[in-house]
Each structure stands twice: as structure tokens, then as C-alpha cells.
Amino acid sequence: MKIRTLFRPLPQLRNLSLALLLGLWTTSPILSAATPKDLDGDGTPNLTDTDVDNDGLPNDADPNIDGGYCRTGPKAGTYVGDRLPNSSRSENDMDDDGLKDNALTEEDIDADGLDDDDPTEDDTDADGLDDDSVFEDDMDGDSADDDSSSEKDIDGDSLPDAAPEEEDIDGDNIDDDASGEDDIDGDSLDDNDDAEDDIDGDGLKDNATKETDIDGDGLDDDDASETDIDGDDIDDDDATEDDIDGDGIDDSDSREKDIDGDGLDDNSSKEDDIDGDGLDDDNDDDCDGDGEDNSTDNDDDGDDSDDEDDQDSDGDGHDDDTDDDDF
């Protein structure tokens, strides 16, 4: 019995061990709740604070939401936050709520109380430029230009531009495939403008071989169910659709060498679907997608050359006199 008592911890050591144990327990990062960020110390978390830095400017009118001199509150008279304007390339969390501006869970980038996909939200990043302004090249203020290949969510609504459920890439409250939507990526260039070479603003030219979804609707251009490649609300095989890939050049224009904008010349031997409707030209009654059946069409391949004078009437890269499937 006496031997066992020699190894019994002293009361002080027991208390110290308990204190250490409790200390480790209470400071465990697993169990401690994260304290909401409150830049101005007014007791209202930045996440819901309409004036994050308490400088007297509401977030939606503040060129630097998370930086300024506090006018009221416990930090009155002192400068809090950063000195990066909302439009700065280095500003990646303009409302200092702990959510990156390009985070999928960030639904109100400028903390103005309007969700980024709200119909009345016309300046998503609070940089003073309307989202549809010709000078607005970074709509959601995430430091990635809207037409950059690295910009995957132009309007910052947490839906990737290429997602099938993303129906309004530029967040202007007009569906991308609506007849009234003539600027899908919101870059102030009409989709049918000669200068518009990237309709969905994904950084890939519309006629690039890697561009497989010109209008960014989630359907590949050569998908059988893709009936409107350029997203202008006119079916590709509609008689009134005269610019299938929306590159500003009429399909019947002699300058149009790639009707469906897939990066393959219409007369290339590799091009087997000139109008990009998902049907091989050999099995397509309307090869160039002009709405007229090949049997009555005088220009089957849409190269602006009459079939009688065209040495390659089906546009497959083989002369008719040696071609066994020239329609």
C-alpha cells in the first residue's frame, strides 16, 4: 500500500493536468466556433453589415467597401480595413465577409443586400460601372476579365457559365437563348457583330477548334439536340437563320468558310457536318442549314457558288467528278 501511494500524483499535479486538458479542449479548432468578421467592431458581422467599414458610405455606394475611416462606433476616427478599391485586381473579398468574391457560396459580392442574380442588381461589384456598361470588363470584380479564359462565372452568381442550368451568363435577366438577348456575355458587342468573336465570353474564339459550345448553353455545337448554335433564338435550320455561328458573316457570303464555327473549313475533307446540326452531311437533307432541301437547293454546301458551277458542290473537299456522294 505504501509503495502505491508513492506513485499517486500530487493534488497540484492533478489540477495542472486537468487545467492543461481543459485548455486543449477549449482551444481545439475543431470545437471552437469561428467568430464572424466585424471590421468596424459595431457588433454587426460584415456578412450582414450595410456599411462594413462604418465610413458613412453604404456598401453599394462605397468604392472601397472594406476600407475607410470609421465615423461612428467603437473605432470612430481610425482607419480600418485595406486601401484596395473594389475594382483592384488584388481585391478578392471586397466586403470582407470571409467569402472570396469568386466563391460559389458568395451570393452577394458587394454586400448591398441584393443577391448577385437579383433582377434589380445592376452593379454586381459596386465599382460604379453598370454591369452592362461598355467600360465594364469585370462584372463580378473577381479580377478575371469577363472575356478571359480563366473567367468561369461572368456574372458571379455561383453558376458556372458552362453549366446547363446557367441560362443568363451576363446576369442581365434576359435568358441567353431569348430573342431579346443579343449580347450573351455582356461585353457590349452584339452577338452578331462582326467584331464579336467570343459570344459566350469564355476566352475561346467562336471559330476555334476547342470552342465546342459557342453560345455557352451547355450543349455542344455538334450535339443533335443543339438546334441554335449561336443562341439567337432562331433555329439553325430556320429559313430566316442566315448566320448559324453568329460571327457576323452571312452563311451564304463568299467570305464565310465555316458556317457552324467549329474551326473546320466547310470544304475540308474532315468537315462532315457543315451546318453543325448533329447530322452527317451524307445523311442531311439540308447540308448547309439554310432551310432549303438539298434536292431543290442550288448551293448545297452554302459556299455562295451555284452547284452547277461548283467543283465541290457538297463541300466535302472532293471534286464532284471523282466524288461518289456529291448529292
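Our subject is the structure that appears above.
Keep in mind it's a predicted model, so treat the numbers as computed, not measured. (Residues numbered from 1 in each chain as written. Predicted model: local features only at pLDDT ≥ 70, side-chain atom pairs only at ≥ 80, totals over all residues. Heavy atoms only, no water.)

Details of the overall build of the protein chain
Quick note on the threshold: Note on conventions: DSSP H or I runs of at least 4 residues are helices, E runs of at least 2 residues are strands, and numbering of each starts at the N terminus. Categorising residues by exposure relies on relative accessible area from a 1.4 Å probe, with only protein chains included: less than 20% of the type maximum marks a residue as buried, more than 50% marks it as exposed, and the intermediate range marks it as partly exposed. Between two residues, a contact is recorded if the distance between any of their heavy atoms is within 4.5 Å. Only the protein chains shown count as cover for residues, and the accessible areas themselves come from Shrake-Rupley with a 1.4 Å probe.
For the protein chain, the count of helices and strands is 2 helices and 2 strands. When the 327 residues of the protein chain are sorted by exposure, 41% land in the buried category. Nonlocal contacts in the protein chain, meaning residues at least 24 apart in sequence, comprise 33% of its contacts between residues at least 6 apart. When the accessible surface of the protein chain is split by element, carbon and sulfur atoms take 51% of a total near 17700 Å².

Re the environment of aspartate 193
Residue placement: aspartate 193 occurs in the segment after strand E2 (79-81). Linking aspartate 193 and isoleucine 249, residues 56 residues apart in sequence, is a C-alpha distance of 8.8 Å.

Quick look at the pattern of salt bridges
Heads up, the condition is: Definition used for salt bridges: Asp or Glu carboxyl oxygen within 4 Å of a side-chain nitrogen of Lys or Arg.
As enumerated under the stated definition, the model contains 4 salt bridges in all. Taking the shortest distance from any N to any O, the salt bridge between lysine 37 and aspartate 96 comes out at 2.7 Å. In this pair, lysine 37 sits in the loop between helix H2 (11-26) and strand E1 (67-69) while aspartate 96 sits in the segment after E2, placing the two residues 59 residues apart along the sequence. On the basis of relative accessibility, which here comes to 40%, the residue lysine 37 falls in the partly exposed class. Between aspartate 197 and lysine 205 there is a salt bridge, with the nearest N and O atoms lying 2.8 Å from each other.

A look at the packing of aromatic side chains
The geometry of an aromatic ring pair is captured by two quantities: the separation of the ring centres and the angle between the planes. Note the cut-off: Centres within 6.5 Å make a pair out of two Phe, Tyr or Trp rings, where for Trp the six-membered ring is used; the pair is then stacked when the planes are under 30 degrees apart, edge-to-face when over 60, and tilted otherwise.
This model, assessed by the stated rule, comprises 1 aromatic pair. Each ring, one from tyrosine 69 and one from tyrosine 79, has its centre 5.0 Å from the other, and the planes form 80 degrees; the classification is edge-to-face. Remark: tyrosine 79 occurs in strand E2 and tyrosine 69 occurs in strand E1; sequence separation between them is 10 residues.

Section: the nonpolar core
Put simply, the rule reads: Side-chain atoms within 4.5 Å are what join buried Ala, Val, Leu, Ile, Met, Phe, Trp, Tyr and Cys residues into a set we call a nonpolar core.
Among the nonpolar cores identified, the biggest contains 11 residues, and these are Met139, Ile154, Ile169, Ile184, Ile199, Ile214, Ile229, Ile244, Ile259, Ile274 and Cys287. Not counting the four nearest positions on each side in its chain, isoleucine 199 is found in contact with Ile184, Asp185, Asp191, Asp206, Ile214, Asp215, Asp230, Asp245 and Gly246.

Comments concerning the environment of aspartate 194
Structurally, aspartate 194 can be placed in the segment after E2. For the pair formed by aspartate 194 and glycine 248, sequence separation is 54 residues and the distance between their alpha carbons is 4.4 Å. Not counting chain neighbours up to four residues away, the residues in contact with aspartate 194 comprise Asp247, Gly248 and Ile249.

Some thoughts on the side chain of asparagine 46
What counts, and what does not: In protein, a polar contact means a hydrogen-donor-capable atom and an acceptor-capable atom, both N or O and within 3.5 Å, with residues adjacent in sequence counting only if both atoms are side-chain atoms; elsewhere, any N or O pair within 3.5 Å suffices.
You can see asparagine 46 is positioned in the loop between H2 and E1. Taking relative accessible area as the criterion, asparagine 46 reaches 0% and is therefore assigned buried. A distance of 2.7 Å separates the side chain of asparagine 46 from the backbone oxygen of aspartate 96, its partner in a polar contact. When near neighbours in sequence (up to four residues on either side) are disregarded, asparagine 46 contacts Lys37, Asp38, Leu39, Val52, Asp95, Asp96 and Asp97.

Description of the side chain of aspartate 95
Note the threshold: In summary, the charge assignment counts Lys and Arg as positive and Asp and Glu as negative, without counting His or the chain termini.
Topologically, aspartate 95 is positioned in the segment after E2. The side chain of aspartate 95 is buried and forms no salt bridge, while lysine 37, the nearest opposite charge, is found at 8.5 Å. The residues contacting aspartate 95, other than those within four sequence positions of it, are Asn46, Val52, Ile65, Asp66, Glu106, Asp108, Ile109, Asp110 and Ala111.

Details of the environment of glutamate 166
Within the fold, glutamate 166 resides in the segment after E2. A sequence separation of 50 residues divides glutamate 166 from glycine 216, and the C-alpha atoms of the two residues are 8.6 Å apart. What glutamate 166 contacts, discounting residues up to four positions off in sequence, is Asp153, Asp155, Asp157, Leu159, Pro160, Asp161 and Asp176. Only 2.9 Å separates the side chain of glutamate 166 from the backbone nitrogen of aspartate 168, close enough to count as a polar contact.

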